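Descriptive analysis of the structure
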Amino acid sequence: MKKKQQSKNSSPGKLGPYWTWLIPTIAFLLKLITIINIPGHIWPGSDAESYLEAVNGLVTNGFFSDNGKLQYFPAGYPVIIWFFSKISLTNTLLLLGIFQTMVFAFASWFFARKVFFGKYARLAPWVAFLVSFNPTLALSSLVIGYESLVASLLMISLALLLNNQKEKILTKIILFSLISGMAAFMQPRYIATSIIFLVIWMTIDNGWNKSIKWISIGLLILMVAPIALGLRNKEATGKFFISNNLGVTMNVGAGPNSTGGYTNKATGVNCPSNVKTDNQKVICILKWYATNPIETARLSYNKTLYFFSPWSGPLANGTMARNPWLKINPVQTTAKTEEGWKMVYGGFGKTVSWLWFLGSFGLMIWGAIWLWRNGEELRKIALWAGIPVAVSWLVALGTIGDHRFRIPVMPFIFVLQLAGIRGLSKKPLILKPLGRKR
């Protein structure tokens, strides 16, 4: 009887690792079939034309091309596409789609394998399923856009530090910083996420005094890729900068006439005439926020709503018109008829949208609280999953609210929401540190 009981208790641990690799593998194979059948083997994303124009500049003039798109947008993602053009110019986008899908599948497996462990290992397959089969997140690997690769790299880099083998701390720091640096290479806003995570995590595990050395090493490695972008731009233009779109983006979401998101109306802050560079514009906008607290509060509310908004319906706000999921989304299909449009964008649709927003947002917050309250190991997961989401949210408050910016941190939102569902269950939780024998 005792042996049977032991077998029963150990089954989740055995099933967990099995499903965590099987689910991403199935999703990977299905997406390969999709890639073969997509015209051009990949779908265009929000800024696809700009990225491809930047790639053409690299193909024509090399790494130090002065193409304007390589200056306005971070050049990292076009450089990756350019790399595949070196392998095969005619099959560049096919190779890109396969690469993004392969990296996403590996990241999904590695992420799910690391996030929940011990007696919570049974939740790992659910993480693998949510990440691998969420339509918007999963299909983003079949789109020309940085979002899928950044999501994959964030999953891999942050999961690396969940391993408690302290004798391998240098290896973990190097891998974390290199992979996080590649994410920042494509989208510099994730430098803040990586730095904050690195500092907090190392301090918790080792104390401040012992962590200074490791943090310094990590920061030096982390900044290599972004600095490389700055040096590329300096060689191409004579000025050192990573990209020129931060001030422009911030100005769209600032000012008394702004909604906090993209709009067809004239928005922005009236900066002095001597404000010309992107950095000067950023400082000007920050001063406006500081001196207009009521407008800042209004815009922060709107940006929060937009950042966490549904992909379609009356609350949707962002640059996801090319979301592959919208091609088969039943909400979009329903709204194509006059009666369906009234239902989706009328009172019923608004009610459903608000319920979706409040439910998903509330579940995420409750998941973070539940994890924080229930033991040291779960508290670490709350920090680990919460930091990327919180930093991306704060970046949205300083720039614009756009649900597309949520894609790279969706895996971490799923972890918090899954914890929230677990926290709502009636089964009591044993408050005992995980993975420790007494």
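Definitions and limits used
Residues numbered from 1 in each chain as written. Predicted model: local features only at pLDDT ≥ 70, side-chain atom pairs only at ≥ 80, totals over all residues. Heavy atoms only, no water. Helix = DSSP H or I, 4+ residues; strand = E, 2+ residues; numbered from the N terminus. Rg over C-alpha atoms; globule rule 2.2 N^0.38 Å. Buried < 20%, exposed > 50% of the residue type's maximum accessible area, 1.4 Å probe, protein only. Areas by Shrake-Rupley, 256 points an atom, 1.4 Å probe, with all protein chains shown as cover. Lys, Arg positive; Asp, Glu negative; His and termini not counted. Charge placed at Lys NZ, Arg CZ, Asp CG, Glu CD. Expected span 1.5 Å × (residues − 1). Contact = heavy atoms within 4.5 Å. Disulfide = S-S within 2.5 Å. Phe/Tyr/Trp six-rings, centres within 6.5 Å; stacked < 30°, edge-to-face > 60°. pLDDT = per-residue confidence, 0-100. Core = buried A, V, L, I, M, F, W, Y, C linked by side-chain atoms within 4.5 Å. Salt bridge = Lys/Arg side-chain N within 4 Å of Asp/Glu carboxyl O. Axes fitted to C-alpha atoms, helices over the stretch in contact; angles between N-to-C directions. Parallel < 35°, antiparallel > 145°, perpendicular 65-115°, else oblique. Left-handed = near helix turned anticlockwise from the far one by under 90°. Nonpolar A, V, L, I, M, F, W, Y, C, P; charged D, E, K, R; others polar. Patch = residues over 30% accessible without salt bridge, like charges linked within 9 Å, V, L, I, M, F, W, Y side chains within 5 Å.

1. Considerations on the overall build of the protein chain
Helix and strand counts for the protein chain stand at 20 helices and two strands. For a compact globule of 438 residues, the expected C-alpha radius of gyration is about 22 Å, and the protein chain comes in at 23 Å, within 12% of that figure. Dimensions of the protein chain, computed from C-alpha atoms along their principal axes, come out at roughly 80 × 60 × 50 Å. Per-residue burial for the protein chain yields a buried fraction of 52% across its 438 residues. Here the protein chain displays about 21,400 Å² of accessible surface, and carbon together with sulfur accounts for 65% of that area. Between the mean site of the 44 positive side-chain charges and the mean site of the 15 negative ones, the protein chain shows a separation of 15 Å.

2. Section: helix 2 (residues 48–61)
Over its 14 residues, helix 2 runs 20 Å from end to end, which matches the ideal 20 Å to within 8%, given 1.5 Å per residue. For helix 2, the set of buried residues is Ala-48, Ser-50, Tyr-51, Ala-54, Val-55, Gly-57 and Leu-58. The secondary structure elements touched by the buried residues of helix 2 are strand 1 (43–44), helix 3 (69–72), helix 4 (76–87) and strand 2 (143–144). A positive phi of about 85° marks Gly-62, the residue just after helix 2.

3. Remarks on the state of the cysteines
The full count for this structure, using the stated rule, is one disulfide. For Cys-271, the disulfide goes to Cys-284, at an S-S distance of 2.1 Å. When the S-S torsion is -105°, as for the bridge of Cys-271 with Cys-284, the disulfide is left-handed. Taken as a pair, Cys-271 in the loop between helix 13 (246–252) and helix 14 (278–291) and Cys-284 in helix 14 lie far apart in primary sequence, 13 residues in all. The buried category is assigned to Cys-284, whose relative accessible area is 12%.

4. Comments concerning the packing of aromatic side chains
Across all of its chains, the model carries 24 aromatic pairs by this definition. On the basis of an interplanar angle of 85° and a centroid distance of 4.8 Å, the ring pair of Phe-307 and Phe-308 is categorised as edge-to-face. Taking the relative accessible area as the measure of exposure, Phe-307 reaches 0% and is therefore buried. Aromatic side chains Trp-354 and Phe-357 sit 5.8 Å apart centroid to centroid with 90° between the ring planes, which places their arrangement in the edge-to-face category. Remark: Phe-357 and Trp-354 occur in helix 18 (residues 347–373); sequence separation between them is three residues, near one turn of the helix. Looking at Trp-354, the relative accessible area reads 31%, which means it is partly exposed. Aromatic rings pair up to connect Phe-307, Phe-308, Trp-354, Phe-357, Phe-361 and Trp-393 into one cluster.

5. Quick look at the environment of Ala-382
Of note, Ala-382 is situated in helix 19 (residues 376–398). Relative accessible area serves as the criterion here: at 8%, Ala-382 is assigned to the buried category. Between the C-alpha atom of Ala-382 and that of Leu-416, which follows or precedes it by 34 residues, the distance is 7.3 Å. Residue contacts for Ala-382: discarding those within four places in its chain leaves Ala-368, Leu-371 and Trp-372.

6. Some points on unusual backbone geometry
At His-41, a residue that is not glycine, the phi angle is positive and equals roughly 70°. With respect to the helices and strands, the residue His-41 is situated in the loop between helix 1 (2–37) and strand 1. A residue is classified by how much of its surface remains accessible, and His-41, at 28% relative accessible area, is partly exposed.

7. Some words on the confidence of the model for the protein chain
Per-residue pLDDT for the protein chain has a mean of 87; in total, 91% of the residues score no lower than 70. Confidence drops under pLDDT 50 across residues 1–13; counting only partners more than four residues distant or on other chains, this segment forms one contact. Below pLDDT 50 for its whole length, residues 428–438 participates in 18 contacts with residues either more than four positions away or in separate chains.

8. Remarks on the nonpolar core
Grouped together as the largest cluster of nonpolar side chains are 87 residues, with contacts concentrated most on Tyr-77, Phe-116, Val-127, Met-202, Trp-384, Phe-412 and Val-415. If one sorts the elements of this core by residue count, helix 8 (residues 147–160) sits on top with 10 residues. Among all residues touching Trp-384, those that are not within four sequence positions of it are Phe-111, Val-115, Leu-158, Ala-159, Leu-162, Phe-197, Trp-201, Phe-412 and Val-415.

9. Description of the pattern of salt bridges
All told, the structure shown has five salt bridges when counted by the stated rule. One salt bridge connects Arg-322 with Glu-49, and the closest N-O pair in it is separated by 2.8 Å. You can see Arg-322 sitting in the loop between helix 15 (293–307) and helix 16 (330–334) and its partner Glu-49 sitting in helix 2, a full 273 residues away along the chain. On the accessibility criterion, Arg-322 (34% relative accessible area) is partly exposed.

10. Some words on the packing of helix 5 (residues 92–115) against helix 8
At a closest axis distance of 8 Å, the pairing of helix 5 and helix 8 adopts a crossing angle of 30°. On the basis of their axis angle, the class for helix 5 and helix 8 is roughly parallel. Seen from above, helix 5 lies across helix 8 with left-handed handedness. Within the contact between the two elements, helix 5 uses Phe-99, Gln-100, Val-103, Phe-104, Phe-106, Ala-107, Ser-108, Phe-110, Phe-111 and Lys-114 and helix 8 uses Ser-148, Leu-149, Ser-152, Met-155, Ile-156, Ala-159 and Leu-160. Among the residues forming the contact of helix 5 with helix 8, the class breakdown is 12 nonpolar, four polar and one charged.

11. Quick look at a nonpolar patch on the surface
A cluster of nonpolar residues, Ile-26, Leu-30, Ile-33, Trp-126, Phe-129 and Phe-133, forms a patch on the protein surface that exposes about 590 Å² of accessible area. At the level of secondary structure, the elements contributing two or more residues to the nonpolar patch comprise helix 1 and helix 6 (124–133). Its place among the elements puts Phe-133 in helix 6. Assessed through its relative accessible area of 34%, Phe-133 is described here as partly exposed.

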